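Analysis of the macromolecular model
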Amino acid sequence: MPRPANAFVVLLSLCLQLSPAHAQHPDTISPQMVQSASQLMDMQFSAAEIDSMLDGLRDYRNDYHRFHQYMLDNAASLPLWFNPVLPGMQVDTVQHPIQWHIPADVPLPARREELAYYSILQLAGLLREKKITAVELARFFMDRLKKYGPVLHCVVSIPEDIAMQEARKADEDFAKGIDRGPLQGIPYGVKDLFAVKGTYTTWGTPPYRNQQIDETAYVVKRLQAAGAVLVAKLSLGELAMDDVWFGGLTRNPWDTAHGSSGSSAGSAAATVAGLVPFALGTETWGSIVSPSTVCGALGLRPTFGSISRTGAMTLAWSSDKIGPLCRTAEDAAIVFAAIHGTDGIDAAARFAAFNYNPDADIRNLKVAYASNWIDTLPENHHIKKAMQVLQSMGVKLIPIVFPDSFPSNAILGVIVGAESATAFDPLTRSHRDSLMVQQRKYSWPNQFRTSRFIPAVEYLTAQRLRYQLMQEVDPLLNQYDAILVPTFDGQQLALTNLTGHPVVSVPDGFRSNGTPTSFTLIGKLFGEAAILELAQQYQLKSGWYQHHPPLFSN
């Protein structure tokens, strides 16, 4: 017999499952319950309609009870894959060799601490000229992690055995004449939601503090293949929200009295403080962009699906993305070149070409800016000063009105809410969420509970609105190689997370209190190369990347 498809069915059944009364009277679904539940999703039914639903609702609830016997693991796949590519769009898959300019005359600094802020290519030059070994470099950065990690509360663990094994392998390869590319022998850290065999993967929260996952994430494997050396697992806000974890508040390197933002909190703070040359983070809704801006990192949030997420904690299947947090755009390009692509396991991921050119002529790029947000800013605003730098380099900036009429925040809120509550269903159902550090109104434990009341109909409506948004704005976003926007104005952060477009957060100065500022460049789908080329040339011209937090320069 067909069952009712009304929007409130999922809400009501889940409400009853979590209710103590339902535990005592599992067969009781009264018309009054249905009437009350229907009001929560803006629906109204007659007494006769409600009476006809009762048997179907009981059937559904029995089905849910069967589902819940399985207690699905966070890594269990969702076979509904979001694709940011609209019909008719062609994705370039022809990869050309990238000619990285590894310098041969890099001096080893007399004051060893200056190594902390060398670029990847500078460190690569030192390694190839045998001025330092990978083992020495790994120990140097692990010493800094031990010294300053407690100051920033940014280090979850230091896998010394893994680091030494990988560093020795890099040195052996150099001795044999094997060159795996610019990342060979370069230390790095990862946000502690990436699984690495032989380590704890805590997800930043007490319920998973002793979790060991018997696999290594795809991106870590890619970095291993490139010869990089894992020296740290870095803090994240609990289950990828903000900057508070079981080790405390991750601090801003420019002002340790305040937080680093999140959720890629430790990845941003550690990179900016020179505790690692680069780190990996993730973003679902601002978790790379926000800490990069607050801490002054160069953060790349790539196109959705450009990097396989196998072995990474799932928060929201249709919005999770992996990206590097670095100090320069060229460092980000080097890391992205090593990790982009797919292992065929994450069905949302694909291979797309990344044809970055270190010598690109940025005057040939088609660059726009959001005039509706920028034209009214004062002339001495950091974004207008950044635009002047770009114009002095021959970049023509085209004014456009950035679209902001769609309820992007609401759409993404419903999607992330429903998907995250699903990803952590066993945590909520077991009530182990009470062990989490943060128990505020809008912290994850309560968000997961609240999101159980999102009807399946409204979740799917949000996804359909997302597709309508893509159809409306993609022609504009894909018309330009880069669009310059204020990092947090309007709803562009939610909008681009919905469409899947890549962005790079670029430091562009400091406020009067000494904390960093930034602007954001939005690229075409799979257009990471252009925005990184533009960002790199801006950084070389402006010089802001050469400023480092004083507390960590000794």
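In what follows, the structure referred to is the one given above.
Residues numbered from 1 in each chain as written. Predicted model: local features only at pLDDT ≥ 70, side-chain atom pairs only at ≥ 80, totals over all residues. Heavy atoms only, no water.

Let's talk about the nonpolar core
Within the largest apolar cluster, 150 residues are counted, with the highest numbers of intra-cluster contacts made by L183, F194, V219, L239, F424, L521 and L532. Counting residues per element, this core draws most heavily on helix α6 (residues 134-152), which supplies 10 residues. Apart from the residues within four sequence positions on either side, F194 is in contact with T201, A217, V219, V220, K233, L280, G281, T282, G311, A312 and I322. Listed in part, the 7 residues of the second largest apolar core include V34, I50, L54 and L57. (Core = buried A, V, L, I, M, F, W, Y, C linked by side-chain atoms within 4.5 Å. Buried < 20%, exposed > 50% of the residue type's maximum accessible area, 1.4 Å probe, protein only. Helix = DSSP H or I, 4+ residues; strand = E, 2+ residues; numbered from the N terminus. Contact = heavy atoms within 4.5 Å.)

Observations concerning empty space enclosed by the protein
This structure, assessed with the given rule, holds 2 cavities of 30 Å³ or more. In this structure, the largest cavity spans a volume of roughly 140 Å³. Along the walls of the largest cavity sit 16 residues, with W254, G296, W544, Y545 and H547 positioned nearest its centre. Sorting elements by how many residues they give to the lining of the largest cavity places strand β14 (residues 503-510) first, with 3 residues. Residue composition of the lining of the largest cavity, grouped by class: 9 nonpolar, 6 polar and 1 charged. Its volume calculated, the second largest cavity comes out at about 50 Å³. Lining of the second largest cavity is provided by T303, F304, G305, S306, I307, R309, D320, K321, I322, D346 and A348. Here the residues of the lining of the second largest cavity are counted per class, giving 4 nonpolar, 3 polar and 4 charged. (1 Å grid on protein atoms, 1.4 Å probe; cavity = no way out; pocket = protein on both sides within 12 Å on 5 of 7 lines; lining within 4 Å. Points joined across faces, edges and corners; volume = space filled by probe spheres on them. Nonpolar A, V, L, I, M, F, W, Y, C, P; charged D, E, K, R; others polar.)

What to know about the side chain of E419
Its place among the elements puts E419 in helix α14 (residues 408-423). Of the side chains with opposite charge, R466 lies nearest to the buried E419, which makes no salt bridge, at 5.3 Å. The contacts of E419, once residues within four sequence positions are left out, are L315, A316, W317, S318, Y459 and Q463. (Lys, Arg positive; Asp, Glu negative; His and termini not counted. Salt bridge = Lys/Arg side-chain N within 4 Å of Asp/Glu carboxyl O.)

Quick word on helix α16 (residues 444-451)
Residues W444, P445, F448 and S451 constitute the buried set of α16. Along the long axis of α16, the arc covered by the buried residues comes to 140°, so they all point the same way. Tucked inside the fold, the buried residues of α16 contact α14 and α15 (425-430). (Arc of directions from axis to C-beta.)

Describing the pairing of strand β8 (residues 279-283)
With 5 of 5 residues buried, β8 lies mostly within the body of the structure. Here β8 shows two buried faces, one formed by A279, G281 and E283 and the other by L280 and T282. Two strands pair when backbone bridges link them, and β8 and strand β10 (residues 321-326) are joined in this way by 5 bridges, in the antiparallel orientation. Bridge pairing in β10 links G281 to G323. (Pairing = 2+ DSSP bridges.)

As for the packing of helix α13 (residues 382-392) against helix α19 (residues 528-542)
It is the contact of α13 with α19, at a shortest axis distance of 10 Å, that shows an interaxial angle of 100°. One element, α13, and the other, α19, form an angle in the roughly perpendicular class. Here α13 contributes A386, V389, L390 and S392 to the contact with α19, which in turn contributes L534, Y538 and K541. For the contact of α13 with α19, a count of residues per class yields 5 nonpolar, 1 polar and 1 charged. (Axes fitted to C-alpha atoms, helices over the stretch in contact; angles between N-to-C directions. Parallel < 35°, antiparallel > 145°, perpendicular 65-115°, else oblique.)

Quick notes on the side chain of S518
For S518, the position within the fold is in strand β15 (residues 516-523). At 3.0 Å, the side chain of S518 and the side chain of T293 are in polar contact. When neighbours within four sequence positions are excluded, S518 is seen to be in contact with T293, H382, I383, T487, S505, V506, P507 and D508. (Polar contact = N/O pair within 3.5 Å; in protein donor to acceptor, adjacent residues only side chain to side chain.)

Focus on unusual backbone geometry
G262 connects to S263 through a cis peptide bond whose omega is 15°. Residue position: S263 is located in the loop between β7 (255-259) and α9 (265-272). With phi around 60°, K130 is a residue other than glycine that occupies positive phi space. Residue position: K130 is located in the loop between α5 (120-128) and α6. What makes K130 exposed here is its relative accessible area of 58%.

Overview of the sheet that holds strand β9 (residues 298-301)
Consider a sheet: its strands pair through backbone hydrogen bonds, and that pairing is either parallel or antiparallel. Read from one edge to the other, the open sheet built from 11 strands follows the order β1-β3-β2-β8-β10-β9-β14-β15-β13-β11-β12, with strand pairing classed as mixed. Both edges of this open sheet fall to β1 (155-157) and β12 (397-400), since each of them pairs with a single strand only. Averaged over all pairs of adjacent strands, the angle between strand axes in this sheet comes to 30°, irrespective of strand direction. For strand β2 (residues 187-191) and strand β3 (residues 229-234), the ladder comprises 5 bridges, and the chain directions are parallel. Pairing of V190 across the sheet is with K233, part of β3. Taken strand by strand, α13 contacts β11 (367-370), β12, β13 (482-485), β14 and β15, and its axis lies near 55° from that of β15.

So, the environment of W285
For W285, the position within the fold is in the loop between β8 and α10 (289-295). When its relative accessible area of 34% is taken as the criterion, W285 is described as partly exposed. Taking the C-alpha atoms as reference, W285 lies 21 Å from R350; in sequence the two are 65 residues apart. Residues within four places of W285 in sequence aside, it is in contact with N409, L412, G413, L493, A494 and N497.

Looking at α14
Each α-helix turn comprises 3.6 residues. Residues three or four places apart therefore point the same way. Over its 16 residues, α14 extends 22 Å from the first C-alpha to the last, a length consistent with the 22 Å expected when each residue adds 1.5 Å. Among all positions in α14, only S408, I411, L412, I415, V416, G417, A418, E419, S420, A421 and A423 are buried. As for α14, its buried residues are in contact with α15, α16, α17 (456-477) and α18 (492-499). (Expected span 1.5 Å × (residues − 1).)

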